[in-house]
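Single-letter residue listing:
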Amino acid sequence: MVARFIGGAPSGSPREEEGGGSGLAYVGEAPLAPRLDEIRRRPLCSLQGYGGLNRSCGDVYFPASVEELRVLFRMARRTGRRITFRAGGQSFDGQALNDDIVISMHHFRSIEIDTQGARMTVGAGATWGAITRELAALGFVPYTVVSTSHATAGGTVSGDCLSRFSGIASKEGHYVERLSLLSLDGQLLSLSREEATSALFHAVIGGLGYLGAVIDVTYRIARVAPAGTPIRVVTQATRCASFEELATALLPRAEQLLQSEGGTADEEGWIPEALFSIAFHTLEGSRSMVLRSRYVPGTSHELRPLLIHRPRHVLRVPIEWLMRASVVSRGLWTLIDRFLFDVSRPYVDELMGYLFFMDGNVRAKRIAQTFGMPMLTVQQAFMIPYDPGAQEDSLRRLVDFLGKVDEIATRDGIPPLLLDVLHIQGDRFLLSANHGTDGFAVTLAFEASEEESVHRIGLRLSELSARALELGGRVYLVKNVHATAEHLQAMYAHALPEFVRLKQLVDPGGLLRNEFLERVFPAHFGATPRPASP
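Let me sum up the structure you'll find in this document. (Residues numbered from 1 in each chain as written. Predicted model: local features only at pLDDT ≥ 70, side-chain atom pairs only at ≥ 80, totals over all residues. Heavy atoms only, no water.)

**A closer look at the overall build of the chain**
Within the chain one finds 16 helices and 20 strands. For 534 residues, the compact-globule formula gives about 24 Å, and the C-alpha radius of gyration of the chain, at 22 Å, lands near that figure. If you line up the chain on its principal axes, its C-alpha atoms span 65 × 50 × 50 Å. When each of the 534 residues of the chain is scored for burial, the buried share is 59%. Taking the intrachain contacts of the chain between residues at least 6 apart in sequence as the baseline, contacts between residues at least 24 apart amount to 73%. With the model as given, the accessible surface of the chain reaches about 21,700 Å², and the carbon-plus-sulfur share is 54%. (Helix = DSSP H or I, 4+ residues; strand = E, 2+ residues; numbered from the N terminus. Rg over C-alpha atoms; globule rule 2.2 N^0.38 Å. Buried < 20%, exposed > 50% of the residue type's maximum accessible area, 1.4 Å probe, protein only. Contact = heavy atoms within 4.5 Å. Areas by Shrake-Rupley, 256 points an atom, 1.4 Å probe, with all protein chains shown as cover.)

Structure follows, in structure tokens:
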């Protein structure tokens, strides 16, 4: 059975017949080539990143088909204007911003689900909220999905993103079977792990949209319930007395893991579980716990949701606002730790609330903006390497890094709002922080009200980046990055020459722009001057 949806509606619906929803190539007699002035455009449109710190003002185009994309690419080649792709607008830094041309992939939002083959093909502009709702109705879930429903498949595959399920299930790219890429010369390429396209496949996933326009992506999906059955998530939390205890508890059992990128032939029935940890600062010191989550079909488990998994709860917005002040944050965590975290029995959450808990933060930001209240978010993630053959030394490295985080937070009075840690398997994606190595992803989240606080936070994150490099680690490129160019060069020296080679192959004119990559790797991705118009 194949279920097909266009923009969240079943195929054959009026929305499909009206066009403009799927972004798929035209089948049948070719229509007249679109004109540039027929493509919807917002001139000099102001945009910002999710964190509220990065902004741009450029021309935003909204193509509704591959042919309209080709028209925009031809215009860029002719005029030398530079292009950046955007859809959900959830990038933490400048990955989807540009003061020249921004192409929104909003209309490329088709969803096609093959229930027999446990596969789905989705457009680059399809949001994970829409995708997950359609999957859940059929008894399926993504193997791993980011924590906001507003993010899109094209955006997250371009970051090879992680989630709480990545502790066992690895990152998003692990489950991509194929993707369609429109190159700057107008070729529609089908990329996979097969040898002929493997190099570009492993560069585009995690390549932050710097190599072409991702049109659609085919993923493997996991069946967890009969069709039409509600899906809930059961979570058991365990308090940790030390970072050593936390580090050891995060190691998954060998039988829980898929052993190779892309899965194995004997994985039928394998269902991902979440294994992750959180740490936070109270007025009485730091606290941490390890959490294990699993999907359960039906409603036999009575709901017992965590507040963080209720994004529309009446208290969520004021708590998000109050958490920006360090002292208030520690006070609130003290109350939550004492009175709300009851680890004696499992929590039970609705599927969408559990997966997309950050929607509460998105909502709080949007409401704050209407009142002119700045809510600035900084998140940086570090990958500390893990060698299964040297487990004791590897765990010591992680404990060392977590201790450094605690030391800086205590020394400077700037504790992260939340810190989470999980184990990640190695992969082959070029700009992945886990390229060629297993590791522990350590993510620090901060909220602030003014840019001076953000500057202070950035200095501490740069200090942690230097420590991560000393431990053989890397900075994860999908969130904010505070590190020197020299440190980043050393972290990614293994991948940058090959990535640059592929960039020159598919975009020899340097027409695709990524403000973030060009800022953090200036020696490799310098700005390309615009030639004079003919």
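Having seen the structure, we can now continue with the description.
**Description of unusual backbone geometry**
Phi at Asp-160 is positive, roughly 45°, even though this residue is not glycine. Structurally, the position occupied by Asp-160 is in the loop between helix 4 (153–157) and helix 5 (166–169). Residue class for Asp-160 comes out buried when judged on its relative accessible area of 2%. The backbone phi angle of Leu-208 is positive, close to 55°, even though this residue is not glycine. Among the structural elements, Leu-208 can be located in the loop between helix 6 (198–204) and strand 12 (213–223). When its relative accessible area of 11% is taken as the criterion, Leu-208 is described as buried.

**A look at the environment of Asn-54**
Relative to the assigned elements, Asn-54 resides in the loop between strand 3 (41–48) and strand 4 (55–61). For the pair Asn-54 and Phe-516, spaced 462 residues apart in sequence, the C-alpha separation works out to 9.9 Å. Of the polar contacts made by the side chain of Asn-54, one reaches the side chain of Asp-93; its length is 3.3 Å. (Polar contact = N/O pair within 3.5 Å; in protein donor to acceptor, adjacent residues only side chain to side chain.)

**Digging into the sheet that holds strand 4**
Read across the open sheet, the 4 strands follow the order 3-4-6-5; overall the sheet is mixed. The sheet terminates laterally at strand 3 and strand 5 (83–86), the two strands that pair on one side only. Within this sheet the neighbouring strands show an average axis-to-axis angle of 40°, counted without direction. (Pairing = 2+ DSSP bridges. Axes fitted to C-alpha atoms, helices over the stretch in contact; angles between N-to-C directions.)

**Section: the sheet that holds strand 19 (residues 438–448)**
With antiparallel pairing, 8 strands are arranged side by side in an open sheet as 16-13-15-14-18-19-17-20. Here the strands that pair on one side only, and so sit at the sheet edges, are strand 16 (347–350) and strand 20 (474–475). As paired strands, strand 17 (residues 376–386) and strand 19 are joined by 11 bridges and run antiparallel to one another. Each residue of the ladder has a partner; that of Ile-384, found in strand 19, is Phe-440. In the packing of helix 12 (residues 391–412) onto the sheet, the strands contacted are strand 14 (274–282), strand 15 (285–297), strand 17, strand 18 (418–424) and strand 19, and the crossing angle to strand 17 comes to about 155°. The strands touched by helix 13 (residues 451–470) are strand 17, strand 19 and strand 20; relative to strand 17, the strand with the most contacts, the crossing angle is about 5°.

**Re the side chain of Arg-232**
Counting through the fold element by element, Arg-232 comes out in strand 13 (residues 231–240). One buried charge, Arg-232, has no salt-bridge partner; the nearest side chain with opposite charge is Glu-350, at 4.3 Å. A polar contact of 2.6 Å, which involves the side chain of Arg-232, links it to the backbone oxygen of His-301. When residues no more than four places from it in sequence are discounted, the contact partners of Arg-232 are Arg-294, Tyr-295, Val-296, Gly-298, Thr-299, His-301, Glu-302, Leu-303, Val-348, Asp-349 and Glu-350. (Lys, Arg positive; Asp, Glu negative; His and termini not counted. Salt bridge = Lys/Arg side-chain N within 4 Å of Asp/Glu carboxyl O.)

**Topic: helix 15 (residues 496–506)**
Within the span of helix 15, buried status applies to Leu-496, Phe-499, Val-500, Leu-502, Lys-503 and Val-506. In a view along the axis of helix 15, the buried residues occupy a sector of 165°, so they form one face of it. Residues of helix 15 that are exposed and point over 90 degrees away from its buried face: Pro-497, Gln-504 and Leu-505. Buried residues in helix 15 make contact with helix 6 and helix 14 (485–491). (Arc of directions from axis to C-beta.)

**What to know about the packing of helix 12 against helix 13**
It is at 11 Å that the axes of helix 12 and helix 13 come closest, and there the two elements cross at 155°. Here helix 13 runs roughly antiparallel to helix 12, going by the angle between their axes. Viewed along their axes, helix 12 and helix 13 form a crossing whose handedness is right-handed. Across the interface between the two elements, Asp-400, Phe-401, Lys-404, Val-405, Ile-408, Arg-411 and Asp-412 from helix 12 touch Arg-456, Arg-460, Glu-463, Leu-464, Arg-467 and Ala-468 from helix 13. Class assignment for the residues of the contact of helix 12 with helix 13 results in 5 nonpolar, no polar and 8 charged. (Parallel < 35°, antiparallel > 145°, perpendicular 65-115°, else oblique. Left-handed = near helix turned anticlockwise from the far one by under 90°. Nonpolar A, V, L, I, M, F, W, Y, C, P; charged D, E, K, R; others polar.)

**Concerning the packing of aromatic side chains**
If you walk through the whole model with that rule in mind, you get 14 aromatic pairs. Consider the rings of Tyr-143 and Tyr-175, whose centres lie 4.3 Å apart with planes at 5°: the pair is stacked. You can see Tyr-143 sitting in the loop between strand 9 (140–142) and helix 4 and its partner Tyr-175 sitting in the loop between helix 5 and strand 10 (176–182), a full 32 residues away along the chain. Looking at Tyr-143, the relative accessible area reads 6%, which means it is buried. Taking relative accessible area as the criterion, Tyr-175 reaches 2% and is therefore assigned buried. Between Phe-165 and Tyr-295, the ring centres sit 4.9 Å apart and the planes meet at 5°, which makes this aromatic pair stacked. Within this pair, whereas Phe-165 is found in the loop between helix 4 and helix 5, its partner Tyr-295 is found in strand 15, the two being separated by 130 residues in sequence. (Phe/Tyr/Trp six-rings, centres within 6.5 Å; stacked < 30°, edge-to-face > 60°.)

**Brief notes about the pairing of strand 5**
Of the two faces of strand 5, the one carrying Ile-83 and Phe-85 and the one carrying Thr-84 and Arg-86 are both buried. As defined by bridge partners, strand 5 adjoins strand 6 (residues 101–104) across 4 bridges and the pair is classed as parallel. What sits directly across from Ile-83, in strand 6, is Ile-101.

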